[in-house]
Amino acid sequence: MNIQTDKIILLVGLMGSGKTSVGKRLAQKLNLPFIDGDREIEKAAGLSLIDVLKCFGTEEYRAGEARVMKRLLSSGPCVLASGGGSFVCEQTRKLAKEKAVTVWLKADVDILCRRTAGRYHRPFLKGDDQGLRSKIENYIREEYPYYSEADIAVETREEQVSDTVARVVAALDDFFAAKTSGQKLPDKA
């Protein structure tokens, strides 16, 4: 592993893709601080994500999320787990392209459903589990085109977190090696 960077490693993807669990272990492996974007939004608002959404609505929630991501993307090297929809914001994507190496943790609908079912702390999935699959399919349709702009894509599977982390590290190694040598990176999966 030869990952040395002055950039942020920004993990993006839908709710349940593994950004927090992979991010924490990746940060340990890279000896970098870990920052959870959702927790930073809660700290800034002094409220849970659900309460931020209830009190201020979706538009202000997203505006606050963009402000927090702007601040976080202006910090030093770290592993940053973004909020589920934060990479959809054009301002956040633009800043991430300058300040970060973006890693899309891409998961299929079945994995996302299993990982998010019954987890009612996720404000944008609030409601009954019967409509969960439909909500996630809509998010995939709407948000995957934005996530595809990430520098690296890594499929998340039903596997140990350490296995996913190992694949992210390998993808980062390849990314930095290609940048150093001037090679073209292979197309994202």
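First, a word on scope: everything that follows refers to the structure included in this document.

Reading the values: the criteria
Residues numbered from 1 in each chain as written. Predicted model: local features only at pLDDT ≥ 70, side-chain atom pairs only at ≥ 80, totals over all residues. Heavy atoms only, no water. Helix = DSSP H or I, 4+ residues; strand = E, 2+ residues; numbered from the N terminus. Buried < 20%, exposed > 50% of the residue type's maximum accessible area, 1.4 Å probe, protein only. Contact = heavy atoms within 4.5 Å. Areas by Shrake-Rupley, 256 points an atom, 1.4 Å probe, with all protein chains shown as cover. Pairing = 2+ DSSP bridges. Axes fitted to C-alpha atoms, helices over the stretch in contact; angles between N-to-C directions. Salt bridge = Lys/Arg side-chain N within 4 Å of Asp/Glu carboxyl O. Phe/Tyr/Trp six-rings, centres within 6.5 Å; stacked < 30°, edge-to-face > 60°. Parallel < 35°, antiparallel > 145°, perpendicular 65-115°, else oblique. Left-handed = near helix turned anticlockwise from the far one by under 90°. Nonpolar A, V, L, I, M, F, W, Y, C, P; charged D, E, K, R; others polar.

Re the overall build of the protein
Next up, step 1: When its secondary structure is counted, the protein shows 7 helices and 5 strands.
Next up, step 2: Helices (α) and strands (β) of the protein occur, in sequence order from the N terminus, as β-α-β-α-α-β-α-β-α-α-β-α.
Next up, step 3: The buried share of the protein, reckoned over its 189 residues, is 46%.
Next up, step 4: Excluding contacts between residues fewer than 6 apart, the proportion of contacts in the protein whose partners are at least 24 apart in sequence is 72%.
Next up, step 5: Carbon and sulfur atoms make up 48% of the accessible area of the protein, which amounts to about 9800 Å² in all.

Here's the deal with unusual backbone geometry
For residues other than glycine, phi is negative in most cases, and the peptide bonds are mostly trans.
Next up, step 1: Despite not being glycine, Asn31 has its phi angle at roughly 60 degrees, a positive value.
Next up, step 2: By the element assignment, Asn31 lies in the loop between helix H1 (19-30) and strand S2 (34-36).

Some words on the sheet that holds strand S5 (residues 152-155)
Next up, step 1: The strand order across the open sheet built from 5 strands is S2-S3-S1-S4-S5, with neighbouring strands paired in parallel fashion. The open sheet terminates on both sides in strands that have one partner only, identified here as S2 and S5. Neighbour-to-neighbour, the strand axes of the sheet open up by a mean angle of 20 degrees, direction not taken into account.
Next up, step 2: The pairing of S2 with strand S3 (residues 79-81) spans 3 bridges and is parallel. Within the sheet, the bridge partner assigned to Asp36 lies in S3 and is Ala81.
Next up, step 3: Along the sheet face, helix H7 (residues 161-181) touches strand S1 (8-12), strand S4 (100-106) and S5 and points at about 160 degrees away from the line of S5.

Structural notes on the pairing of S4
Next up, step 1: Counting buried residues in S4 gives 6 out of 7 residues, a clear majority hidden from the surface.
Next up, step 2: As judged from the 5 bridges shared by S1 and S4, these two strands associate in the parallel manner. Paired with Leu11 across the two strands is Val103, which belongs to S4.

Describing the pattern of salt bridges
Next up, step 1: Summed over all chains, the structure comprises 12 salt bridges.
Next up, step 2: For Arg133, the salt bridge is made with Asp110, and the minimal N-O distance between the two is 2.9 Å. A residue pair is termed long-range when its members are at least 10 positions apart, and Arg133 in helix H6 (residues 132-147) and Asp110 in helix H5 (residues 109-116) qualify at 23 residues.
Next up, step 3: When the shortest N-O distance is used, the salt bridge between Arg167 and Glu159 registers 2.5 Å.
Next up, step 4: Taking the relative accessible area as the measure of exposure, Arg167 reaches 22% and is therefore partly exposed.
Next up, step 5: Linked by salt bridges that have partners in common, Asp36, Arg39 and Glu42 make up one network.

Structural notes on the packing of aromatic side chains
Each aromatic ring pair is summarised here by two numbers: the centre-to-centre distance and the angle between the ring planes.
Next up, step 1: In the structure shown here, the tally under the stated rule is 5 aromatic pairs.
Next up, step 2: Between the aromatic rings of Trp104 and Tyr144, the centroid separation amounts to 5.0 Å while the plane-to-plane angle is 80 degrees, which identifies the pairing as edge-to-face. On the criterion of sequence distance, the pair formed by Trp104 in strand S4 and Tyr144 in helix H6 is long-range, its members being 40 residues apart. Of the two residues, Trp104 and Tyr144, neither departs from the other in class, the shared state being buried.

Structural notes on the packing of H5 against H6
Next up, step 1: Running from N to C, H5 and H6 point in directions that differ by 125 degrees, and their axes come no closer than 10 Å. Considered as vectors, H5 and H6 are oriented oblique to each other. H5 and H6 meet at a crossing whose hand is right-handed. Judged by residue contacts, Val109, Asp110, Leu112, Cys113 and Thr116 of H5 engage Leu132, Arg133, Ile136, Glu137, Ile140 and Tyr144 from H6.
Next up, step 2: Among the residues making up the contact of H5 with H6, the classes are represented as 7 nonpolar, 1 polar and 3 charged.

Observations concerning the packing of H1 against H7
Next up, step 1: As a packed pair, H1 and H7 sit with axes 9 Å apart at the nearest point and diverge in direction by 60 degrees. Considering their axes alone, H1 and H7 lie oblique with respect to each other. Note that H1 runs across H7; the crossing there is right-handed. Counting all contacts with H1, which are made through Ser21, Val22, Arg25, Leu26, Lys29 and Leu30, the residues of H7 involved are Val161, Ser162, Thr164, Val165, Val168, Val169 and Leu172.
Next up, step 2: Across the contact of H1 with H7, the residue classes break down as 8 nonpolar, 3 polar and 2 charged.

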